[in-house]
Structures are given as structure tokens and as C-alpha cells.
Amino acid sequence: MKNILSLIVMVLLTVVFCATAAAQGLSSTALINQAKEYDGKTVTYAGELIGEIMRRGEFAWVNISDGEHSIGVWINAALLKDINFTGNFKTRGDTVEVTGVFYRACPEHGGDLDIHAQGLRKLASGRMVGEKLNSDKLTLIIVLLVALPCIWILTLFKHK
Amino acid sequence: MILKPHLEDLKIIGFYLGKIILGLAVTMTLPLLVALIFQELNPALDFILGIEISVLAGLILVKVCHTEKDLNWMQGMIVVSLSWVVAMVLGAIPLYLSSHWKSFLDACFEAMSGFATTGLVLVQDLDHLSFTHNFWRHLIMFLGGQGIVVIALSFFVRGFSGAFKMYVGEARDEKIMPNVINTARFIWLVSIVYLILGTLALGITGMANGMSPLNSFFHGVCIFMTAFDTGGFTPQSQSILYYHSFVYEVITIIIMVLGAINFKLHYHLWMGNRRELFKNIETRTFFITVAVTFIVVVAGLSQAQAYPTAVTLFRKGFYQLISGHSGTGFQTVYAQQLGAEWSPLALAGLIIAMSLGGAVCSTTGAIKMLRLGIIIKAFKEDLKRIMMPERSLVIEKLHHIREIFLEDKLVKGALMITLAYIILYGFGALVGMFFGYPFLASLFESTSAAANVGLSCGITGPGMPAGLKIIYILQMWAGRLEFMSVFTILGVLIARIEGK
């Protein structure tokens, strides 16, 4: 009886530990480096949506970067209805948190390392990134623009 | 007696170097055009600065070193090797100005990796890089694959005998047409035709995969340039994994193989001589080495139980293998997965494939198929000599466009370059181990750099030691130019000290 009780306590502790790990979210580095450990398990992963949403029928591929690596997420397109921005040079993408099954070598998608999302939560909205003209670069351009014809004229004198 | 180089030699070298730099400045106008199309202000400024500095440097060299004299062999070789170093420095300027590279050394590493069609990257936050800088990264790979000097020969240099010396210095010792300028132009014709077809195929596939038309064709042109020139840069940080598309993988495999074929063979195929494809020693050797190394990779992956099904094992194993063998460096697995999940046997198979490369007079690096074919034939000839009666005459031939007798001179040349590559791979591995990396990972990364492949098992990154970055830059440079023009520089330095 004592053994059974301790077994139940251990199982409960493991479940609580796994649930906490999933709730806290995992980094892309942890998922890639310890892929065998998380293979087939439900994980939570958060980051910025980068590139663009690639719709494939009812589903879509999105790539989510946590600043270390980007990981592909296979998701029901309906879950993406609140997404407004994806990251590129001119925009910061929406920050999202996905919960889903992690595959080290997904049999459905040719062995790709991916996550099959079951849910998506938008953590922060993305934005357009305004471009401010760099005045230092502009000054240097003007200086060099003046220097170029001067050099040209000097070389003409040298030839004479 | 070693002859000391004179001031006149330096003037001639400076003059032609200046012309090549001016050519490079012209190519920088293309990303400037991209900046205007996508309305990217600061990236446009980066390229205006790059153009100004290049024009200034080129103009000073051309005017100060003005000469009417033609190049001799030594000068031609030095112009070529120096032009790659100068292109690296000037090409790195706009990259560094974007703030996506940690230091100027990192930007130089990326530029050399691009020009040498290697594909190892040190860029940070690639997914937010501008269209302009991204286009430049891919364009330098296309230019480097064609050969910086080939570009200058095609567009900026009028016919002169020194042209052939520079052409040879850039590891292109085969003339497709009697005139070297026409040969350079034919190489461009082939590349442009495939560029149009390849971009269309990739662009349409991208759209079918759910990408926007603009992004599909931008990615299409970038991926084509780096696949055909067996480079390996990609617009997104996940390499080909970003697209999650089997069709995209198939198309890139076809383009990579086309890039690994000798331009001379392309010419014969274009002329309708399809039988040459099956008779040529290079394509035969390529087919055999792909088959053998693939068996090794499959055995290694099965041993490690890396993939759950035969289909996934084939798809991942074959893609990485073709990417490595052709010297491209596209990946559909993460670099860390190669190190952690692929067994040492699978990695060894990949290292062997990377070390061999594609055809001579193609855009690939490494030992190359013709040399390997020659060495195998030479072994066969020696074996026959031992086994046959002493008085019998053993003559071995090989088919490369025409029937060629296997002469000692041919075998010696092939063995020398092969030996130089093996030493270079080993040297880089030793340096990697010196910096504390394990043997297999060091050998993998060193072979990838020296053979201009670009596959990585995780060593290459902005955080790696500066000394190792410099060694990899030197490996990429020497490997791309196939040593001769690099050795000439060393020879000249020795002559400067010891010569009379």
C-alpha cells in the first residue's frame, strides 16, 4: 500500500513538473538541443511571427522566432485570425504563444522539426518600424561625393 | 634564381586590380535599385557609401598605376588572388553598415563566404534584414560563383592575352570556346537562361505554398542565385526549412546539380550532344560518389535511429548529401541536429561528400570529380601494370568531352591539388581543435569552409573565436581559387625578401 501511494505521489509530481515546464514555455535552443526529450510531448513555445503566413488549405505554416532560432508551426488557419503583423525589415511581428505537440522528426512533414499547434495566444501586437534617415551616413556620402571629382582632377594633373 | 618583383610589376597589378574594383562598384548599383523599389532608405545609403568608396579606390589605382602593358603569369595570378580579398573588404562595407553584423570581421567573413560561394553565415537577426542587404548577400554569391574576374572579362576588359591568365587564376582552366572572353560570356548566357527558368519555377512554387507573389519571386531569385552557384545563403534564418515544402526541395536539388555540372558539358548539352552526359568521366564519377556516400549516410542515420520512417530518412539524408556534395550548403535540418542526432558515421559520409565537390569549370569548390576520376584511373593503370606481363604496354584513357590519354603530368597535377585540399581540411580541423572543439565537428566545419560548402554542425556563429573566423576566411579564399594564385602571392613575398 505504501509503495502504491509513493508511486501515485511520484506520478503526480511528474505530471505537475511537466505541466509547469509546458506552462513556462521552452526556448527554441532547448527544443532543438534536447529534441529527443521533448519528442511527441505537448510543449508551449513563444516568440515573434516572422516571414509570412503560408496557408495550405485549412491549415497554415508559420515560423516563430524567440530570438535564438525560428521553429515551424503547423496550425489551423482559423487560429490565426487575430494576427496582424509578421516580422520583416519594416515590421515587428506579433508575439504569440503556441501550445502543441512537438516533433523532432515529424513523420507527416518529411522529418521536419516542428510543432503541431493546438492553441495560439497573442501576447503582444506587432508594429510598423519607422525608418529614420541616418544623418552620419548622409554627411559621409556628401564628403565622398566632393572628394571624388577632386581626386579625378588631381590625377589629370599627374598625367600632364 | 628568384626574381624580385619590381615597381613596374606592382603598377600593372594595381591597374588591373583598380579595373576590377570599378567593376565591383557597378554591381553595387543593383542592390541600390532594390532599395529604391522597396523604398528602404538607410540600406540605400549603405550602398551609396559602398559605391563611393569602391569608385574612389578603383579610380586611384587605375589613375596612379596607369599602364598600357599586358599581364604576365605572375601578375595575372596576383591580380586574381588580391581582387578576391579586395572584393571581400569592399563587399563587406554595406553589410557592416546595416548593423546586422557584430564586427567588421564578421561582415568580411560573410562577404568572403558569399564571394567564395561557401554559405557559412555570421549574420544576426537575418529575419529582419532589409531586402536590399539580403539581395546583396545573394548577388555576391552569384558573382563569386561566376568568378569575379569572369565578370570583369565579360563586361569591362577588352580582348588581351592577359585575360586567359586571370581566367586560369580563378580556378577555371578550361576554355569552352577558342576565345576566353567568349567563354566568359557563354558562362553568363547559361547562367541567365537558368536564372529566368529557375526563378519562375521557385516563384510559382512559393505562391502555391502560400507566399505572396512579391516575396515568392524575391525568394525565388535569391534561392536560384545561391543554388545554381552552389553557395547556400538563404533569405531566412531557417535555410530551406523555412518553406516547409517538398516541391521546393526537389527544385533546389535540380538547380544544385545543374550548378555542379561543368560549363563545358552544359555547352555540349545545349548543342544537342546528350550522350556526353553519360560518357563523361565527371558525371560518371559524380553518380558513383553520390551513391557510395549516400549508402554511408543512410547506414549512419539508421544506426542512430535518427528518423522514424524510411521516407523521412531518405528525404533528410539525400537532401543534406546533395547539398554537401554539390558544395551548396542548404539545410533542411538545424545545425545542432547534425551534431547531436546524426551519428559519426553519417557525418563522415557527409564530410567525404563535401570534400569531393562537383565538376571542374563549374561553380563548386573542393577536389572535384575530374581529379578524382583521374586518380582512380591512375590506380587502375598501376594495378594493370602489376598484373599483366612485364612487356605488355598499358595505356589508360578517359573521356572528358574527348578521349584523353592518361599521362603522368595529368595524374601529378590532380594528385597535387587533391593533396593540397586534404592538408587544408586537416589544418582547419587542427585549428578548430586548438580552440577546444571536438575532432569530428572541427573536421566537418573545416571541410565545409575549405570546400566552399556551407553546411554547419554548429561551430560557425557570431560567438566563435576571432582566430577561427580568420582561418575559415583564409580556407574559403584558398579553396575557391584552388591554391595556385594564393601560392603565387606567397612566392612573391618570399621573392621580395630573398630575390635579386
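Residues numbered from 1 in each chain as written. Chains lettered and ligands numbered in written order. Predicted model: local features only at pLDDT ≥ 70, side-chain atom pairs only at ≥ 80, totals over all residues.

Asker: A description of helix α12 (residues 263–270) of chain B should follow, citing residues and the corresponding values.
Answerer: Looking at α12 of chain B, one finds that the buried residues are Phe-263, Lys-264, Leu-265 and His-266 of chain B. Tucked into the core, α12 of chain B has its buried residues touching α9 (180–208) and α13 (275–279) of chain B. (Buried ≥ 20, exposed ≤ 12 C-beta atoms within 10 Å, placed from the backbone. Helix = DSSP H or I, 4+ residues; strand = E, 2+ residues; numbered from the N terminus. Contact = placed C-beta atoms within 7 Å.)

Asker: Run through the interface of chain B and chain A, naming residues and quoting values.
Answerer: Taken together, the contact pairs 41 residues of chain B with 41 residues of chain A. Residue assignment for the side of chain B that touches chain A shows that the elements contributing at least two residues are α3 (41–64), α15 (310–325) and α16 (335–341) of chain B. Here the element with the most residues in the side of chain B that touches chain A is α3 of chain B; it accounts for 12 residues. The residue makeup of the side of chain B that touches chain A, split by class, is 20 nonpolar, 15 polar and 6 charged. (Nonpolar A, V, L, I, M, F, W, Y, C, P; charged D, E, K, R; others polar.)

Asker: Talk me through the confidence of the model for chain B; I want residue IDs and the actual numbers.
Answerer: Here chain B averages 89 in pLDDT, while 93% of its residues score no lower than 70. Among the prediction metrics, the complex's ipTM stands at 0.86, with pTM recorded as 0.90. (pLDDT = per-residue confidence, 0-100.)

Asker: Tell me about the packing of helix α4 (residues 73–97) of chain B against helix α22 (residues 484–498) of chain B, and please be specific about residues and values.
Answerer: All names here are of chain B. Packing of α4 against α22 leaves a shortest axis separation of 8 Å and a crossing angle of 110°. As the angle between them shows, α4 and α22 are arranged roughly perpendicular. Here α4 contributes Met-74, Met-77, Ile-78, Val-80 and Ser-81 to the contact with α22, which in turn contributes Met-484, Ser-485, Val-486, Thr-488, Ile-489 and Val-492. Looking at the contact of α4 with α22 residue by residue, the classes come out as 8 nonpolar, 3 polar and no charged. (Axes fitted to C-alpha atoms, helices over the stretch in contact; angles between N-to-C directions. Parallel < 35°, antiparallel > 145°, perpendicular 65-115°, else oblique.)

Asker: Let's hear about helix α19 (residues 408–434) of chain B: which residues, and what values?
Answerer: Residues and elements named next belong to chain B. For α19, with 27 residues, the first-to-last C-alpha span of 38 Å sits near the 39 Å given by 1.5 Å per residue. Every buried residue of α19 is listed here: Ala-414, Tyr-421, Leu-424, Tyr-425, Gly-428, Ala-429, Val-431 and Gly-432. Where α19 is buried, its residues touch α17 (344–356), α18 (369–387), α20 (439–450) and α21 (466–481). Where α19 terminates, the next one or two residues include Gly-436, which has phi positive at roughly 100°. (Expected span 1.5 Å × (residues − 1).)

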